[in-house]
Amino acid sequence: MSMERSVTVVGLGYVGLPTAALLARAGYSVFGVDVSDRIIDALKGGESPLGEPEVAQIVCEALASGQLKAGKVAEPADVFIICVPTPVRADKTADLSMVRSAIEATAPKVKKGALVILESTSPIGTTRDVIAAALQKNGLDPYTDVDVCYCPERVFPGATVREILHNDRVVGGLTPKAAERARAFYQSFCEGSPVTTDAASAEFSKLMENTYRDVNIALANVFARVAEEAGVDVQDVIGLANRHPRVNVHSPGPGVGGHCIPVDPWFLIESFPQDTKLFLQARNINDGQAQRLLDRAEKAGLARGSKVAVLGAAYRGDLDDSRESPTELLLGILQERGYSWSVHDPYVTRLHVPDGAEANLTDNLDEALKGASAALIMTDHARYRALSPEKFSVMTQKIIADGRRMLHESSFVEAGFTVVPVGAPLAAGADGEASGDSKKERPSLRVISSSD
Ligand code: SAJ
């Protein structure tokens, strides 16, 4: 273990809570702080407020061992880690209010010699301008009295514990000494290699990672749009292009969700508007995908104002997390166009809906499909892959917009459905709805191997 013994973790969400539990498992005496009664009550009762099974297990073990305790007010410690949300406001400017209130509430408990680490994804300069400034206001010199660092979380929801333990960490210090100390601290409970740098570079690296992904997904979505118009299947073409050793085209889809990728590029766009037009365009492309899918379903014959079944509320497959999901964007457009809907998801229990609307969320697929004029597949839940045309026979029209390319398309076409696939022209069976220009012939592409 490093020289530290006690850690206070502020913010017990998707990152803070598993981090706290792993620290407790590594032998630290950990105090977790959160403003939410629901989270603190659960933890005080020995239960995990988070559903990911592996996280729940280590949290319960840490609570049972007595190494992890929780409350609403920070306790003094050798190390403080801040992991609170940093969303964007409706106007896409960074909302750092939770970082501010977390450090303002914590700063009075920070004593000379402590290590203070911010993990929340933040605009460049936040560690200095918000964290260091608050400590200074409390009488501590952030460059000499305490060690202040930025170390971004890089967790992939669904694989949280593995990723905290094994991912390399970027550790940015306000001083080289602070970075070196935090490096030793992360090494004491994580197996990935921590790399040291300055705080601003670490802040930027996190934003760069997620912006890279957003721009690459936007690129894939533009390729999908071209393929839809050109009458080819983007999936086949991506398969061909990705055979190049330095090409890795991402997957097109109905948009980009989650609390990170659709949020983080805005921190760069807000701070550097002149030089980030590419990021802005990528954001707009990705946010436009849900509407495009609906537009294409309407061109295929979907009757405006009817009832549709939306398959998937989660932002990514096999997760229970609906934050910023493309489904939320879709529901807004459905409402504007006078549709009613039923949303099916096997895992999600909470969904943010447009003002004045009902979520109509169900885990019963038959119920969601019954009486719907079309099904719109928004999430790549593995179980959707096995769905057969019979399952959709309770719909009133035979239209399926496949935003994730989940279905075995030819069997649906044979059964008379019109399938609107992202990244390919629509395919309609004999009694399908499509007519005129929207019903394009699609050439069948196949990869010809050298042995053919
Ligand atoms: N998506 C596509 N096409 C793709 C990949 C993803 O449409 O080729 C969509 C997904 O369906 C989803 C959205 O993008 O709606 C975001 O998913 P994601 O797979 O990019 O992952 P997140 O948001 O769950 O986690 C990301 C990860 N960042 C990177 O991969 C660079 C994770 O490592 C970060 O820790 C996390 O953001 C975070 O917390 O910042």
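What counts and how
Residues numbered from 1 in each chain as written. Predicted model: local features only at pLDDT ≥ 70, side-chain atom pairs only at ≥ 80, totals over all residues. Heavy atoms only, no water. Near = heavy atom within 4 Å. Polar contact = N/O pair within 3.5 Å; in protein donor to acceptor, adjacent residues only side chain to side chain. Areas by Shrake-Rupley, 256 points an atom, 1.4 Å probe, with all protein chains shown as cover. Nonpolar A, V, L, I, M, F, W, Y, C, P; charged D, E, K, R; others polar. Domains from an automatic or database assignment. Pairing = 2+ DSSP bridges. Helix = DSSP H or I, 4+ residues; strand = E, 2+ residues; numbered from the N terminus. pLDDT = per-residue confidence, 0-100. Contact = heavy atoms within 4.5 Å. Right-handed = clockwise from strand over helix to strand, strands pointing away. Buried < 20%, exposed > 50% of the residue type's maximum accessible area, 1.4 Å probe, protein only. Arc of directions from axis to C-beta. Axes fitted to C-alpha atoms, helices over the stretch in contact; angles between N-to-C directions. Buried area = accessible area lost by both parts, 1.4 Å probe. Salt bridge = Lys/Arg side-chain N within 4 Å of Asp/Glu carboxyl O. Parallel < 35°, antiparallel > 145°, perpendicular 65-115°, else oblique. Left-handed = near helix turned anticlockwise from the far one by under 90°. Expected span 1.5 Å × (residues − 1). Patch = residues over 30% accessible without salt bridge, like charges linked within 9 Å, V, L, I, M, F, W, Y side chains within 5 Å.

Next up on the list: the site of the ligand. Taken together, 20 residues surround the ligand, and among them E153, K206, R213, C260 and Y315 come closest. Between N210 and the ligand, the recorded distance is 2.7 Å, taken from a side-chain N or O atom to an oxygen atom. Measuring from an oxygen atom of the ligand, one finds a side-chain N or O atom of R213 at 2.5 Å. Contact with the protein chains removes 89% of the 760 Å² of surface that the ligand exposes when unbound. Here the shell around the ligand is composed, by residue class, of 8 nonpolar, 5 polar and 7 charged. The residue makeup of the shell around the ligand includes at least three contributed by each of domain 1 (6–196) and domain 2 (289–439).

What follows deals with the sheet that holds strand β11 (residues 361–362). Here we have 7 strands laid out as an open sheet, ordered β11-β10-β9-β12-β13-β14-β15, and mixed in their pairing. The strands lining the two open edges of the sheet, one partner per strand, are β11 and β15 (427–428).

Moving on to the confidence of the model for the chain. Taken residue by residue, the chain gives an average pLDDT of 94. The fraction at 70 or more is 94%. Below a pLDDT of 50 lies the segment residues 435–439, which in the model reaches 6 contacts outside its immediate sequence neighbourhood of four places, other chains included. Within the model, the stretch residues 445–452 combines pLDDT values under 50 with 7 contacts to residues more than four positions away or in other chains.

One ladder, built from 5 bridges, connects strand β7 (residues 169–173) with strand β8 (residues 194–198); its direction is parallel. Across the sheet, R169 pairs through a bridge with P194, a residue of β8. Regarding topology, helix α7 (residues 176–187) serves as the crossover connection from β7 to the parallel β8, and that connection is right-handed.

Moving on, we come to helix α2 (residues 37–44). The set of residues buried in α2 consists of I39, I40, A42 and L43. Buried residues of α2, seen end-on, are gathered within an arc of 160° and therefore sit on one face of the element. Of the exposed residues in α2, the ones pointing more than 90 degrees away from its buried face are D41 and K44. Lining the buried residues of α2 we find α1 (16–25), β2 (29–33), α3 (53–65) and β3 (68–71). Between the side-chain oxygen of the N-cap and the backbone nitrogen of R38 there are 3.2 Å, and the N-cap of α2 in question is S36. In the segment just after α2, G46 is the residue with positive phi, at about 80°.

Here 8 strands make up an open sheet; going across it, the order is β3-β2-β1-β4-β5-β6-β7-β8 and the pairing mixed. Both edges of this open sheet fall to β3 and β8, since each of them pairs with a single strand only. The average undirected angle you get between the axes of adjacent strands in this sheet is 25°.

A word on the domain arrangement of the chain. If you check the domain split of the chain, you get domain 1 (6–196) and domain 2 (289–439). Between the C-alpha centres of domain 1 and domain 2 the distance comes to 39 Å. Taken together, the contact between domain 1 and domain 2 spans 5 residues of the former and 6 residues of the latter. It is Y14, F156 and P157 in domain 1 that bury the most area against domain 2; as a group they hold 76% of the surface buried on that side. Our enumeration of links across domain 1 and domain 2 arrives at 0 salt bridges. If you look at where domain 1 meets domain 2, you find 1 residue pair in polar contact (both at pLDDT 80 or more). Grouping the amino acids of the side of domain 1 that touches domain 2 by side-chain chemistry returns 3 nonpolar, 1 polar and 1 charged.

For the rest of this paragraph, the subject is the packing of α1 against α3. Look at α1 against α3: their axes get within 9 Å of each other, and the N-to-C directions meet at 50°. On the basis of their axis angle, the class for α1 and α3 is oblique. You can see that α1 and α3 cross each other, and the crossing is left-handed. Contacts from L17, P18, A21, L22, A24 and R25 in α1 reach V55, I58, V59 and A62 in α3.

Okay, the environment of C149 next. By secondary structure assignment, the location of C149 is in strand β6 (residues 147–150). Judged by its relative accessible area of 0%, C149 is buried. The spacing of C149 and S193 is 44 residues in sequence and 17 Å in space, taken between C-alpha atoms. In this structure, C149 is in contact with L115, V116, I117, L118, T127, V171, G172, G173, A178, A179 and A182, ignoring residues within four places of it in sequence.

Between its terminal C-alpha atoms α7 stretches 16 Å, which fits the 16 Å expected from 12 residues at 1.5 Å a residue. Along α7, the positions that sit buried rather than exposed are A178, A179, R181, A182, F185 and Y186. Considered in projection along α7, the buried side chains sweep an arc of 165° and stay on one side of the axis. The exposed set on the far side of α7, more than 90 degrees from its buried face, consists of P176 and K177.

This brings us to a nonpolar patch on the surface. A cluster of nonpolar residues, I124, F204, M208 and F272, forms a patch on the protein surface that exposes about 340 Å² of accessible area. Inspection of the secondary structure puts F272 in the loop between α10 (264–271) and α11 (277–299).

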